[in-house]
Amino acid sequence: MKTVLSGIQPSGQLTLGNYIGAMKNFVKLQEDHRCYFMIVDLHAITVPQEPAQLREQSAAVAALFVAAGIDPEKSAVFMQSHVPQHAELGWLMTTLTSMGELERMTQFKDKSEGKESVGAGLFVYPSLMAADILLYNADLIPVGEDQKQHLELTRDLAGRFNHRYGEYFTVPEPYIPEIGARVMSLDDASKKMSKSNPNPGSYIALLDEPSVIRKKISRATTDSDSEVRYDPAGKAEVSNLMTIYSQCTGLSLAEVEKRFEGQMYGAFKKELAEAVVSVLEPLQQRYRDIRESGEMDRILARSAERARETAAVTLAAVKERMGFLMPK
Ligand code: TYM
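Residues numbered from 1 in each chain as written. Predicted model: local features only at pLDDT ≥ 70, side-chain atom pairs only at ≥ 80, totals over all residues. Heavy atoms only, no water.

As named in an unreviewed UniProt entry, the protein is Tryptophan--tRNA ligase, taken from Paenibacillus enshidis. Turning to the protein, the UniProt record has this under Catalytic activity (unreviewed entry): "tRNA(Trp) + L-tryptophan + ATP = L-tryptophyl-tRNA(Trp) + AMP + diphosphate + H(+)". Under the Subcellular location (unreviewed entry) heading, UniProt states for the protein: "Cytoplasm". (UniProt positions renumbered as here; feature names shortened; annotations may be inferred.)

Here it is as C-alpha cells:
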C-alpha cells in the first residue's frame, strides 16, 4: 500500500482553494492509501503569529480536516509539533540544502518581497517540508500547484541523501489535480485564492456563512462578454468560477458549459453559489459538532502516537547513516 502525506498551515482562515486543491483529494486518497495529514504549525511560525490565534487556528484546522471527510480511523491527523522528529530531520535536511536552491523558491521570493525583516525560518521552510515528507517515506503528495517547486526540491534532497549515504528515502511524487490545482481570487483572476489576501471578498472561507458565500459570489468579477465558456487565457474569471462549479458538483467543464449555454452570468452565479453552499453547509455542521464534542484532542493524540513511531524509526536510520554516534 502506498503512503500519502500532506499538510496545511494553520495561519488564517482555510479557503475553498485549500479544499479544492488539497483536502478534497486527501479524502479521496485515504480509501486506498496509508495516509498522514498534518496541521503544520512549525511552518506557520515562519511568519509572526499571535499565540492565542495560532492555538485557535490549529484546533480549527484539525477539526476542518475531519469535517471535510478525513476519517481518523483510516488516516493519521496530527499536529506537526506533536512529532518532534519533524524539527530534528528538518535541521538535518537544512544542512543538505544549498542557499542557491532556497533562493530560487518563488514562495520565499513572494513572501519576503518588500519586507524590511524576514525570518530565517521562512528561508529554510522548504527543508522542513522535505523532512515532513521523507520522515514517512511518503510516495504521493497531494497538493495544489503552488507547492510544486517545494516538491521538486524534496525530490532532489531525497536523491542527494540516497547518493551520499546509501539508498534509503523514497523519492516522492506530487499528486496535483488537473482541474482545481490553482483556484483564483474572486476579485482578480491573476492571483491565487489565498487566506492571506487582506480583501475577504477575494476568497471563500470554509467557515463563511451561506449568506456571505452568496454575496461574495454575486460580487465576483466576470467579463463584459456573457458566455459561460471555459477559456483560462481569454476568460480567466469565468473559467475560474466554472472550475469551482465543476469541483463542487462533479460535472466536467464541458458539462458545465453545456448546462449554462445561452444563460446569463447572473443565473450561473446563482447556481454556483448554491453548489458551493451545498458542499460547505454540511461541512460546517460537522465542524461545529466535532468542536463541541471535544473529540479532536483524542484523535490528535492517537494519530501523533502512530506518527511518532514511524518517524522515530526513520530518524534513527538517517542519523546512523549520516555518522552520528548513536546512544547505546
Ligand atoms: P498551504 O497551507 O499554503 O496550503 C495548503 C494546501 O492548499 C493548496 N492551496 C491551493 N490549491 C488550489 N488553489 C488555491 N488557491 C490554493 N491555495 C492553497 C496548497 O497547494 C496546499 O496543498 N507548504 C505547504 C504545507 C506543507 C506541506 C508539507 C504540504 C508543509 N509540509 C508536506 C505537503 C507535504 C503550504 O504552505 O500549504
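Further remarks concern the nonpolar core. By size, the foremost hydrophobic cluster in this structure holds 61 residues, and its most contacted members are Leu 16, Met 23 and Val 276. Of all the elements, helix H12 (residues 265–293) adds the most residues to this core, at 12 residues. With residues near it in sequence (within four places) discarded, Val 276 still touches Leu 16, Ile 204, Ile 213, Ile 217, Ile 244 and Cys 248. In terms of nonpolar packing, the next biggest core, distinct from the first, is built from 38 residues, Ala 76, Leu 102, Ala 131 and Phe 161 among them. (Core = buried A, V, L, I, M, F, W, Y, C linked by side-chain atoms within 4.5 Å. Buried < 20%, exposed > 50% of the residue type's maximum accessible area, 1.4 Å probe, protein only. Helix = DSSP H or I, 4+ residues; strand = E, 2+ residues; numbered from the N terminus. Contact = heavy atoms within 4.5 Å.)

By nearness alone, 26 residues border the ligand, and Gln 9, Tyr 125, Asp 132, Asp 146 and Val 183 come closest of all. Taking Gln 147, its side chain carries an N or O atom lying 3.0 Å from a nitrogen atom of the ligand. Bound to the protein, the ligand loses 97% of the 720 Å² it would expose on its own. Elements with a minimum of two residues in the shell around the ligand: strand S1 (3–8), helix H1 (16–29) and helix H7 (120–134). Here the residues of the shell around the ligand are counted per class, giving 12 nonpolar, 10 polar and 4 charged. (Near = heavy atom within 4 Å. Polar contact = N/O pair within 3.5 Å; in protein donor to acceptor, adjacent residues only side chain to side chain. Areas by Shrake-Rupley, 256 points an atom, 1.4 Å probe, with all protein chains shown as cover. Nonpolar A, V, L, I, M, F, W, Y, C, P; charged D, E, K, R; others polar.)

Within the secondary structure, Val 4 sits in strand S1. Classification of Val 4 as buried rests on a relative accessible area of 0%. When the C-alpha atoms of Val 4 and Asn 137 are compared, they prove to be 9.0 Å apart, with 133 residues separating the residues in sequence. If we skip the residues at most four places from it in the chain, Val 4 touches Leu 29, His 33, Arg 34, Cys 35, Tyr 36, Phe 37, Leu 140 and Pro 142.

A few words now on the packing of helix H10 (residues 236–249) against H12. Close contact between H10 and H12 brings their axes to 9 Å; oriented N to C, the two are set at 40°. Classed by the angle they form, the pair H10 and H12 counts as oblique. In the crossing of H10 with H12, the sense of the turn from one axis to the other is left-handed. In contact with Val 238, Leu 241, Met 242, Ile 244, Tyr 245, Cys 248 and Thr 249 of H10, H12 contributes Tyr 265, Phe 268, Lys 269, Glu 271, Leu 272, Ala 275, Val 276 and Val 279. Grouping the constituent residues of the contact of H10 with H12 by class yields 12 nonpolar, 1 polar and 2 charged. (Axes fitted to C-alpha atoms, helices over the stretch in contact; angles between N-to-C directions. Parallel < 35°, antiparallel > 145°, perpendicular 65-115°, else oblique. Left-handed = near helix turned anticlockwise from the far one by under 90°.)

Think of an α-helix as turning once every 3.6 residues; residues three or four places apart then point the same way. Across its 17 residues, helix H3 (residues 51–67) extends 24 Å between first and last C-alpha, which sits within 8% of the 24 Å expected from 1.5 Å per residue. If you check which residues of H3 are buried, you get Leu 54, Gln 57, Ser 58, Ala 60, Val 61, Ala 62, Ala 63, Leu 64, Phe 65, Val 66 and Ala 67. (Expected span 1.5 Å × (residues − 1).)

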